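This is what each chain is made of:
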Amino acid sequence: MNGRGVGNTFNRVLGIDPGSHVTGYGVVEKAHNGLCWVTHGEIRPKKKAPLSECLQFIHEALREVIKETAPDALAIEDIFFGKNIQSLIRQGQVRGGVILAGRLMDVPVYEYSPAEIKKSVVGYGRAEKGQVQTMIKAILKLPDLPPPDAADALAVAVCHIHFGKQDPI
């Protein structure tokens, strides 16, 4: 742990929405008067790049985000079940790279299901992406809607601050 958190309280959380085409990230900090936005963005590997190149690009970019933002914890969205098995496999491989980046940077990693994340932000576990974007904009008092994958990542960070699982993965 980098020293910013106290006990199991995490003051600054890096949320990740893993994807091989777009990996969203967002950093939220717990403050005395609520939650504060720190940064957000999307990591986009080159289109049609080989998977190994995409994974390396995402991994290296996340390590830079971790260096720049010094989070106390990294929270990641768990894989949701879908019909396209190839997409799920790729998402699992991206998650592995994200988890490894956190581990190598000595940041504990926690995971939350999509339903847990949506419920913590919108109040409904089956909320649509647009609802998550709108609520994140309101909760963090952002001037504009964040991009969808970055909004999802910010939602993961907010979820972890609210629920704070005790045991990292």
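K.L.:
Explanation requested: the side chain of R95 in the structure shown.
P.N.:
Within the element layout of this structure, R95 appears in helix α2 (residues 85–104). What R95 contacts, discounting residues up to four positions off in sequence, is P18, I76, E77, D78, I79 and E111.

K.L.:
Sorry if this is basic, but what is going on with the packing of aromatic side chains here?
P.N.:
One pair of aromatic rings is described through two measures. These are the centre distance and the angle between the planes. Evaluation of the coordinates by the stated rule reveals zero aromatic pairs. Over the aromatic face of Y112 sits the side chain of K165, whose NZ or CZ is 4.6 Å from the ring centroid.

K.L.:
Would you take a moment to explain the nonpolar core for this structure?
P.N.:
The tendency in soluble globular proteins is for nonpolar side chains to be buried side by side. V13, V28, I136, L140 and V158 are the most contacted members of the largest nonpolar core, which has 21 residues in total. Taken together, the elements giving at least two residues each to this core come down to β4 (73–77), β5 (109–112), α3 (114–122), α4 (129–139) and α5 (148–163). Considering each element in turn, this core owes the most residues, seven residues, to α5. One finds I16, I58, I76 and V109 within the second-largest nonpolar core, a separate group that totals 16 residues.

K.L.:
How should the side chain of T23 be read in this particular structure?
P.N.:
In this structure, T23 sits in strand β2 (residues 23–31). A residue is classified by how much of its surface remains accessible, and T23, at 0% relative accessible area, is buried. At 2.6 Å, the side chain of T23 forms a polar contact with the backbone oxygen of G19. Excluding residues within four positions of it along the chain, T23 makes contact with I16, D17, P18, G41, E42, I43, I58 and V94.

K.L.:
So what exactly am I meant to see when it comes to the pairing of β2 here?
P.N.:
Here is the key point about a regular strand: its side chains alternate between the two faces of the sheet. Of all nine residues in β2, seven are buried, a share of seventy percent or more. Bridge count between strand β1 (residues 12–17) and β2: six bridges; the pairing is antiparallel. By the bridge assignment, R12 is partnered in β2 with E29. Hairpin remark: β1 followed by β2, antiparallel, with five residues in the connecting loop. As defined by bridge partners, β2 adjoins strand β3 (residues 34–43) across nine bridges and the pair is classed as antiparallel. Across the sheet, the residue bridging to V27 is T39, located in β3. In this antiparallel pair of consecutive strands, β2 and β3, the connection spans two residues.

Scoring rules and cut-offs
Residues numbered from 1 in each chain as written. Predicted model: local features only at pLDDT ≥ 70, side-chain atom pairs only at ≥ 80, totals over all residues. Heavy atoms only, no water. Helix = DSSP H or I, 4+ residues; strand = E, 2+ residues; numbered from the N terminus. Contact = heavy atoms within 4.5 Å. Phe/Tyr/Trp six-rings, centres within 6.5 Å; stacked < 30°, edge-to-face > 60°. Lys NZ or Arg CZ within 6 Å of the ring centre and 35° of its normal. Core = buried A, V, L, I, M, F, W, Y, C linked by side-chain atoms within 4.5 Å. Buried < 20%, exposed > 50% of the residue type's maximum accessible area, 1.4 Å probe, protein only. Polar contact = N/O pair within 3.5 Å; in protein donor to acceptor, adjacent residues only side chain to side chain. Pairing = 2+ DSSP bridges.

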